[in-house]
Structures are given as C-alpha cells and as structure tokens.
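Examination of the molecular architecture
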Amino acid sequence: MSSQSAMSSQSARTSQHATTIGILGAGRVGTALARQALKAGYQVRIATRQPAAENALLVDIVTPGAVAVAVQSSQAAASDLVVLAIPLHKYRTLNPGELAGRIVIDAMNYWAPVDGVFDDFESDPRTSSEVVEEFLQGARVVKSLNHIGYHELEEDDKPAGMPTRRALALAGDDAQAKAVVESFIDRLGYDAVDAGFLAAGRSFEPATEIFTGSHTANQLRALIQKARPLAAAA
Ligand SMILES: NC(=O)c1ccc[n+]([C@@H]2O[C@H](COP(=O)([O-])OP(=O)(O)OC[C@H]3O[C@@H](n4cnc5c(N)ncnc54)[C@H](OP(=O)(O)O)[C@@H]3O)[C@@H](O)[C@H]2O)c1
C-alpha cells in the first residue's frame, strides 16, 4: 500500500470513531487514562522507553486489558489516536517519523515551578503544544486532557447529558482530528469544548483559571471566551 493510500485509509478509519488508543507514557496520567479508555471500550496499547517485556507485568496489574508495546515498535504510534503522557521536557525523545499523519493528543504541560525551567518553552512565546507540534512535523496535534488531574480522570466521569458533567477543553488546527478527539473525550465521560486553534490552548495551560478548576461545558466556554483577548495579545 502506498503511503498516500495508507494515510487515506487511516483517515477513513478515524473519520467516525477511534478504536485503538496508543499511550506513550505509563506513569500517573498514562495508566489512569488507559484504565478509563479500557472502561470506555477502546483497545489500549501503552509504551514507555523500556522494552515491552519489562512493562508487561506492570501493565497487566495496573492496567489489565491493555497491551504493553515497545515505543520503538511503532505499535503505539500506529493507533487511531496517540496520547502523549510523558514529561514535557522529554518531548525530543519522541519519534516524529512514527507520528507523522497521526492524531496526537498532547496531554503534557509546561509547569516550571513543578518540573523545572526548560529553555525550549521559556524562551518561546508560543504555547508548549505549538512547540511540540513543530517538532512532530506532520502529526495532527490536539491539546487536551492536560487540565484534569490523573486521579480525577477516573472519578469525575459522568454519562452524557448530565447538567453537572465535567468538561474538558481541546485545541488544534485540524478539524477532523478534533472531531475524533471530541468523540474520545465524550466516551471517557466528559463534555468536550473546542477552544479553537492550537494556539488557543494557552487558555488552559498551567496557572490559568481553567487549569486550576473543574468546570461544566457552559462554564468552560465562558472561561475560554474570557481568555481570548489574553491569548491574542501573547
Ligand atoms: N500528573 C497529573 O495529574 C497530570 C495531569 C494532566 C497532565 N499531566 C501531564 O502528563 C505528562 C505525564 O505526567 P505523569 O504525571 O503521568 O508523569 P510520570 O508519572 O512521570 O510518567 C511519565 C511516563 O513517561 C514515560 N516516558 C518518558 N519518555 C518516554 C518516551 N519517549 N516514550 C514513551 N514513554 C516515555 C516514563 O517511563 P520511562 O521513563 O521508563 O520511559 C513514564 O512512564 C506530563 O507532561 C504532565 O505535565 C499530568
């Protein structure tokens, strides 16, 4: 199959719903997300930089039902949706070639007071997700899942339609990728609120009102609206 037809069959497969989720990172966020995605009926592949055999036992115990894969094997990257759940300062250890054309959720945060100061983000006026997107040339990056605590991911979910259902923001430049991510967020048990282009992810980065709280869809829309002039000025 040519790379173009492989790409279009990937697009066709993801145009409705994702079925396989590849998670890079098996730490707090990666494992909580894996369990929540399994509960929602997804097939989950999870990778760290360690060999799959080394992770397999831990994955069986901590995220039963998920499959441990090697990050170098491309199996995680070859999923309908790939989630980046690694410490942000390690983003350059990702393989851009493997992620090109893929829908990639960037759940990572630049949070200097907690993780330390990194020049890539400190000296760049763009959002951390835009820096990551530039590195992952060709990946369809959507920023999301970064403003919910790992422990909350499995506690705050609610069925669709409940007025108190928690909402999660997403931002990205690729409308089709965002539609797939919206459906994923909904199946995880949250309302998805589109904040706009990837640069609009600034409104839910660390230290913002959105990042530090829990909000319904209406509340989240209002906060995104309120943050718009600030994002435009940055
Ligand atoms: N903690 C939260 O509540 C929370 C909530 C939302 C978002 N976030 C964001 O999510 C990210 C992960 O946070 P965390 O708390 O889950 O971190 P963590 O517990 O330290 O886990 C990080 C994981 O990433 C793996 N890793 C590192 N480089 C990798 C690579 N190139 N490929 C695959 N796996 C790799 C690590 O394993 P090896 O080193 O063995 O490879 C480890 O399993 C951070 O950017 C954080 O800001 C955190």
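Read on for an overview of the structure. Please read these numbers as outputs of a predicted model, since none were measured by experiment. (Residues numbered from 1 in each chain as written. Predicted model: local features only at pLDDT ≥ 70, side-chain atom pairs only at ≥ 80, totals over all residues. Heavy atoms only, no water.)

**Observations concerning the layout of surface pockets**
Roughly 1100 Å³ of internal volume is contained in the largest pocket. As for the largest pocket, its lining consists of 44 residues, of which Arg28, Val29, Ala85, Ile86 and Pro87 are closest to the centre. Elements that contribute at least two residues to the lining of the largest pocket include exactly helix H2 (28-39), helix H4 (96-99), helix H5 (112-115), helix H8 (150-153) and helix H10 (209-212). Residue contributions to the lining of the largest pocket peak at three residues, all from H2. Considered class by class, the residues forming the lining of the largest pocket number 21 nonpolar, 16 polar and seven charged. (1 Å grid on protein atoms, 1.4 Å probe; cavity = no way out; pocket = protein on both sides within 12 Å on 5 of 7 lines; lining within 4 Å. Points joined across faces, edges and corners; volume = space filled by probe spheres on them. Helix = DSSP H or I, 4+ residues; strand = E, 2+ residues; numbered from the N terminus. Nonpolar A, V, L, I, M, F, W, Y, C, P; charged D, E, K, R; others polar.)

**Brief notes about the side chain of threonine 208**
Here threonine 208 is to be found in the loop between strand E8 (191-196) and H10. The class of threonine 208 is buried, set by a relative accessible area of 18%. Polar side-chain contacts of threonine 208 include one of 2.7 Å to the backbone oxygen of glutamate 205. Engagement of the side chain of threonine 208 in a polar contact is seen with the backbone nitrogen of phenylalanine 211, the distance being 3.1 Å. Sequence-distant contacts of threonine 208, that is, excluding residues within four places in its chain, are made with Arg202 and Ser203. (Buried < 20%, exposed > 50% of the residue type's maximum accessible area, 1.4 Å probe, protein only. Polar contact = N/O pair within 3.5 Å; in protein donor to acceptor, adjacent residues only side chain to side chain. Contact = heavy atoms within 4.5 Å.)

**Overview of the packing of aromatic side chains**
Within a pair of aromatic rings, the relevant descriptors are the distance that separates the centres and the angle that separates the planes. If you walk through the whole model with that rule in mind, you get five aromatic pairs. A ring pair is formed by tyrosine 42 and phenylalanine 184, whose centres lie 5.1 Å apart and whose planes are at 75°; its orientation type is edge-to-face. Here the residue tyrosine 42 occupies a position in the loop between H2 and strand E2 (43-47), and phenylalanine 184 occupies one in helix H9 (residues 175-188), the gap between them amounting to 142 residues. What makes tyrosine 42 buried here is its relative accessible area of 4%. Aromatic pair tyrosine 91 and phenylalanine 135: ring centres 5.4 Å apart, planes at 85°, arrangement edge-to-face. (Phe/Tyr/Trp six-rings, centres within 6.5 Å; stacked < 30°, edge-to-face > 60°.)

**Overview of unusual backbone geometry**
With a phi close to 75°, serine 74 is a non-glycine residue in the positive phi region. Examined against the element boundaries, serine 74 turns out to sit in the loop between strand E3 (67-68) and strand E4 (81-84). Even without being a glycine, leucine 145 presents a positive backbone phi close to 65°. Assignment of secondary structure puts leucine 145 in the loop between strand E6 (140-144) and H8.

**A look at the site of the ligand**
Around the ligand sit 24 residues, and of these Val29, Arg49, Gln50, Ile86 and Thr93 come closest. In this structure, threonine 93 approaches the ligand through a side-chain N or O atom, which is 2.7 Å from a nitrogen atom. Residue asparagine 109 places a main-chain N or O atom 3.3 Å away from an oxygen atom belonging to the ligand. When the free accessible area of the ligand is taken as 900 Å², the share hidden by the protein chains comes to 82%. Among the cavities detected, the one that contains the ligand is the largest pocket. In the shell around the ligand, the residues fall into 13 nonpolar, eight polar and three charged. (Near = heavy atom within 4 Å. Areas by Shrake-Rupley, 256 points an atom, 1.4 Å probe, with all protein chains shown as cover. Sits in = over half its atoms within 2 Å of the grid points.)

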